[in-house]
Amino acid sequence: MTTTTIRTTSTTLTTLTMTAQDQCTSIEHLAIATASSVQANAIENWGPQFALDGVISFNDWDFFHSHTEPYTWLQLDFTKIVTVESLSVVMRYDCCVDDRFRSVGVYVGNQPTVVYYLSKNEQCVYFEGPAQNGETIDLSCEAPTSGRYLTVQLTEQNFLMVNEIYVCGYKGI
Ligand SMILES: [Ca+2]
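What you see is a predicted model, and the numbers here were worked out from it, not measured in a lab. (Residues numbered from 1 in each chain as written. Predicted model: local features only at pLDDT ≥ 70, side-chain atom pairs only at ≥ 80, totals over all residues.)

### Digging into the overall build of the protein
As a reminder, the rule being used: We count a stretch as a helix when DSSP gives it H or I for four or more residues in a row; a strand needs E for two or more, and each element gets its number in order from the N terminus. Here exposure depends only on C-beta density: within 10 Å of a residue's C-beta, 20 or more other C-beta atoms make it buried, 12 or fewer make it exposed, and intermediate numbers make it partly exposed, the C-beta atoms being placed from the backbone. Residues are treated as contacting if the C-beta atoms built from their backbones sit within 7 Å of each other.
In terms of regular secondary structure, the protein is built from 1 helix and 10 strands. Start at the N end of the protein and walk to the C end: the helices and strands fall as β-β-β-α-β-β-β-β-β-β-β. Looking at the protein as a whole, 39% of its 173 residues qualify as buried. For the protein, the proportion of contacts with a sequence separation of at least 24, taken over those separated by at least 6, is 75%.

Written out as structure tokens, the structure reads:
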């Protein structure tokens, strides 16, 4: 089912059609973002914190941007067990998303992901892509998936870029 979603802030969701995701509770604000790397090591321009700051950047900075490396990842640490039902990922606006945001796995579980390795946690959903500049990708888990960590990870070598991420789910197992 195709839906159109308008997000007004990081925690307010207005939808035009009724789907399961419309009923979601946002939990991304509970998490801390980490990443396998940061472009040019410039955390002040492209650190993982920008994926959770509630702001959509229209520039070529102030979003999360990694190096290019195998199995690049952005990881949310909820510091406690949560159950993830779905997520939305907002793309960079100004360039190059269709060459980069593809072959993306989303994993949820209790093992933190290691640099250069694919997550060992359960796959919530897989996005073949590619996405387009400025697009919001809405993804539903194949089944609600519990764990402390949610990892958005490329299953190939490339740059990973995330303007903003929203997660729907609930606290507790
Ligand atoms: Ca942001």
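### With respect to the pairing of strand β5 (residues 73–90)
So the rule is basically this: A pair of strands is treated as paired once DSSP finds two or more bridges between them.
Most of β5 sits out of view: 13 of its 18 residues are buried. With 4 bridges connecting them, strand β3 (residues 32–35) and β5 associate as antiparallel partners. Within the sheet, the bridge partner assigned to T34 lies in β5 and is Q75. As judged from the 13 bridges shared by β5 and strand β8 (residues 136–154), these two strands associate in the antiparallel manner. Looking at β8, one finds that S88 is bridged to D138. By the bridge criterion, 8 bridges tie β5 to strand β10 (residues 164–171) in an arrangement that is antiparallel. Following the sheet pairing, V89 is matched in β10 by I165.

### Things to note about the environment of F64
Note that F64 resides in strand β4 (residues 64–69). F64 sits in the buried class, given 27 other C-beta atoms within 10 Å. Measuring from C-alpha to C-alpha, the distance between F64 and M91 comes to 9.9 Å, with 27 residues separating the pair along the chain. Discounting residues that sit within four places of it in the chain, F64 has contacts with A35, W46, G47, P48, F50, A51, L74, M161 and V162.

### Quick look at the pairing of strand β9 (residues 158–162)
The side chains of a regular strand alternate, first on one face of the sheet and then on the other. With 4 of its 5 residues buried, β9 lies for the most part within the structure. As paired elements, β4 and β9 share 4 bridges and run antiparallel to each other. Looking across to β9, one finds that H65 is bridged to M161.

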